[in-house]
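Report on the structure
This is what each chain is made of:
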Amino acid sequence: MDSTELLKKVRKIEIRTRALSRQIFSGQYHSAFKGRGMAFSEVREYQYGDDIRNIDWNVTARFNHPYIKIFEEERELTVMLLIDVSGSTHFGTKQQFKSDLITEIAAVLSFSAINNNDKVGVIFFSNQVEKFIPPKKGRSHILRIIRELVDYKPQQVQTNMSEALRYLTNAIKKRCTAFILSDFVNSDCEQALKIAANKHDVVALQIMDTGDARLPHIGLVQIHDPETGKRTVADTSSPNVQKEYARWWREQQKKTTEIFKKSGVDAAQLFTDKDYVKALSELFHRRGA
């Protein structure tokens, strides 16, 4: 993709996602993702009904009159986006590839974050950490993230999410909100996910395509796994092949759902051929309730 085409695509994504983040998600984002806690703001004279646990005894002793500490929510967050760039995300049977949907959702989350004065950073991962963009604020930083999302060429095609989660745990010292954008195909990451979720607020956004759940009935085909490079011939019209694939897919989804529950991670499924606004809004509502 040449620079002119890249800039046009980045600009198009910015216009759409920035509008969505302002009009739809801004209030929901604020209520769904809390700050790090309460920060000291000021002291004032004690009033009847105030919590005596907030009395500032040093100031009270100095003025011989009770004063209390006033706290405000420490709103600023650090948001980390863990972006799956492995081979399985370059798949789609309807409107777009999974990777295209990942780019748009990442942009929406980024603009929602900076609208709330939060920092945003990114970890691109395959079976290794491909690229780390440290958290920063500002529109120019978000546009850099979108450019990378649009034009990044991964070094590997396989997936090992545990590597990205370990990197997150080690690189980001303070508690952050971390969004994992991945299809979670063949993702064996339960232990690393539990450790990361114990330190950070982790949200799993599973990017799906309706074609993931079934094989098309098109007879003998050569199936290529983009992550392993393995090629096999399968009769997709065979009832046994269809049944076996459907069984494998159900087991994969059941396993993934169990991993989310055991790790205490909020999750949502977003599809390439469906409006993701509703799914994200429902997720934000659940968290903000």
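Right, let's walk through the structure included here. (Residues numbered from 1 in each chain as written. Predicted model: local features only at pLDDT ≥ 70, side-chain atom pairs only at ≥ 80, totals over all residues. Heavy atoms only, no water.)

Attention now goes to the packing of aromatic side chains. What the rule picks out here adds up to six aromatic pairs. Between Phe 63 and Tyr 67, the aromatic rings sit 5.6 Å apart at their centres with planes inclined by 45 degrees, giving tilted as the arrangement. Owing to a relative accessible area of 16%, Tyr 67 belongs among the buried residues under this scheme. Geometrically, the ring pair formed by Tyr 245 and Trp 248 is tilted, given 5.6 Å between the ring centres and 40 degrees between the ring planes. Of this pair, Tyr 245 and Trp 248 both sit in helix α7 (residues 239–263), three residues apart, which is roughly one turn of the helix. Feature note: the residues Tyr 245, Trp 248 and Trp 249 constitute an aromatic cluster, connected by ring pairs. (Phe/Tyr/Trp six-rings, centres within 6.5 Å; stacked < 30°, edge-to-face > 60°. Buried < 20%, exposed > 50% of the residue type's maximum accessible area, 1.4 Å probe, protein only. Helix = DSSP H or I, 4+ residues; strand = E, 2+ residues; numbered from the N terminus.)

Read from one edge to the other, the open sheet built from six strands follows the order β5-β4-β3-β6-β7-β10, with strand pairing classed as mixed. In the strand order of this sheet, the two ends are held by β5 (129–136) and β10 (266–271), each with one partner. Sheet twist, expressed as the average angle between the axes of neighbouring strands with direction ignored, equals 15 degrees. Helix α3 (residues 98–115) contacts β3 (78–84), β4 (119–125), β6 (177–182), β7 (201–208) and β10 of the sheet and is inclined by roughly 175 degrees relative to β3. (Pairing = 2+ DSSP bridges. Axes fitted to C-alpha atoms, helices over the stretch in contact; angles between N-to-C directions. Contact = heavy atoms within 4.5 Å.)

Turning our eyes to something else, we now look at the pairing of β4. For β4, a buried count of six out of seven residues is recorded, marking the element as mostly surrounded by other parts of the structure. Examined bridge by bridge, β4 and β5 share five bridges and lie antiparallel to one another. Its bridge partner being in β5, Ile 123 is matched across the sheet by Phe 132. Hairpin connection of β4 to β5: three residues between the antiparallel strands.

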